[in-house]
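Architecture and fold: a report
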Amino acid sequence: MSALLHAAEGIAGIDWVAVGKIILADVLLGADNAVLIALACRRLHGRQRRLGILWGTIGAILLRVMFVFIVVHLLQWPLLRLLGGVLLLWIGIKLLLPE
C-alpha cells in the first residue's frame, strides 16, 4: 500500500503542462515514424496495409508518450541532469573540433 501511495505522490508532482508540450512537440516532429511505417507496409494489400498503418501509428504514439513519462521522471534526478549536460557539452565540442 505504501508503494502505491509513493507512486501517487510522484505523479502528483509532475508539471502536466510541460509534459503535454513535450508530447505535442514529439508527435509533431515524429515524421520519420510515418516514413518507416509506410516502408514497412508498402507490400501489404488492402486491409492488411490499413491495419499495419493503424497499429504502427498507435504503437509509435504510445511508445513516445511512455518515453516522455520516463524521461520526465528521470529528469527529476539532479545528478542525471548534470551527467546529461556534460554529455551534451562533450558532443557539442566534438562536433565543433576538426577531425
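Residues numbered from 1 in each chain as written. Predicted model: local features only at pLDDT ≥ 70, side-chain atom pairs only at ≥ 80, totals over all residues. Heavy atoms only, no water.

Re the overall build of the protein
- Looking only at helices and strands, one finds 5 helices and 0 strands in the protein.
- The buried share among the 99 residues of the protein stands at 9%.
- As displayed, the protein has an accessible area near 8500 Å², and 76% of this comes from carbon and sulfur atoms. (Helix = DSSP H or I, 4+ residues; strand = E, 2+ residues; numbered from the N terminus. Buried < 20%, exposed > 50% of the residue type's maximum accessible area, 1.4 Å probe, protein only. Areas by Shrake-Rupley, 256 points an atom, 1.4 Å probe, with all protein chains shown as cover.)

Here's the deal with the environment of G52
- As for its placement among the helices and strands, G52 is situated in helix α4 (residues 46-74).
- Put simply, G52 and I37 are 15 residues apart on the chain and 7.8 Å apart in space, counted from C-alpha to C-alpha.
- Setting aside residues no more than four positions away along its own chain, G52 makes contact with I37 and C41. (Contact = heavy atoms within 4.5 Å.)

Brief notes about the environment of R49
- Residue position: R49 is located in helix α4.
- According to the relative accessible area criterion, R49 is partly exposed, its value standing at 35%.
- Between the C-alpha atom of R49 and that of A38, which follows or precedes it by 11 residues, the distance is 8.9 Å.
- Beyond its immediate sequence surroundings of up to four residues, R49 is in contact with C41, R42 and L44.
- Only 2.8 Å separates the side chain of R49 from the backbone oxygen of R42, close enough to count as a polar contact. (Polar contact = N/O pair within 3.5 Å; in protein donor to acceptor, adjacent residues only side chain to side chain.)

Topic: the side chain of R64
- Note that R64 resides in helix α4.
- R64 sits in the buried class, given a relative accessible area of 18%.
- Beyond its immediate sequence surroundings of up to four residues, R64 is in contact with D26, G30, D32 and N33.

Considerations on the confidence of the model for the protein
- On average, residues of the protein score 83 in pLDDT, and 88% of them reach the 70 mark or higher.
- Model confidence for the protein, summarised as mean pLDDT per element, is weakest for helix α1 (residues 2-12) at 57 and strongest for helix α5 (residues 78-96) at 92. (pLDDT = per-residue confidence, 0-100.)

With respect to the packing of helix α3 (residues 31-41) against α4
- The N-to-C vectors of α3 and α4 enclose an angle of 150°; their axes lie 9 Å apart at closest approach. The interaxial crossing formed by α3 with α4 has right-handed handedness. Of the residues in α4, those in contact with D32, N33, I37 and C41 of α3 are R49, G52, I53, G56, T57, A60 and R64.
- A breakdown of the residues in the contact of α3 with α4 according to their chemical character gives 4 nonpolar, 4 polar and 3 charged. (Axes fitted to C-alpha atoms, helices over the stretch in contact; angles between N-to-C directions. Left-handed = near helix turned anticlockwise from the far one by under 90°. Nonpolar A, V, L, I, M, F, W, Y, C, P; charged D, E, K, R; others polar.)

Here's the deal with a nonpolar patch on the surface
- A grouping of L63, M66, F67, I70, L74, W77, L80 and L83 is seen on the molecular surface, where their side chains present a nonpolar patch of about 740 Å² in accessible area.
- Elements with a contribution of two residues or more to the nonpolar patch: α4 and α5.
- With 5 residues, the single largest contributor to the nonpolar patch is α4.
- Positionally, F67 belongs in helix α4.
- Exposure remark for F67: the relative accessible area of 47% places this residue in the partly exposed category. (Patch = residues over 30% accessible without salt bridge, like charges linked within 9 Å, V, L, I, M, F, W, Y side chains within 5 Å. Salt bridge = Lys/Arg side-chain N within 4 Å of Asp/Glu carboxyl O.)

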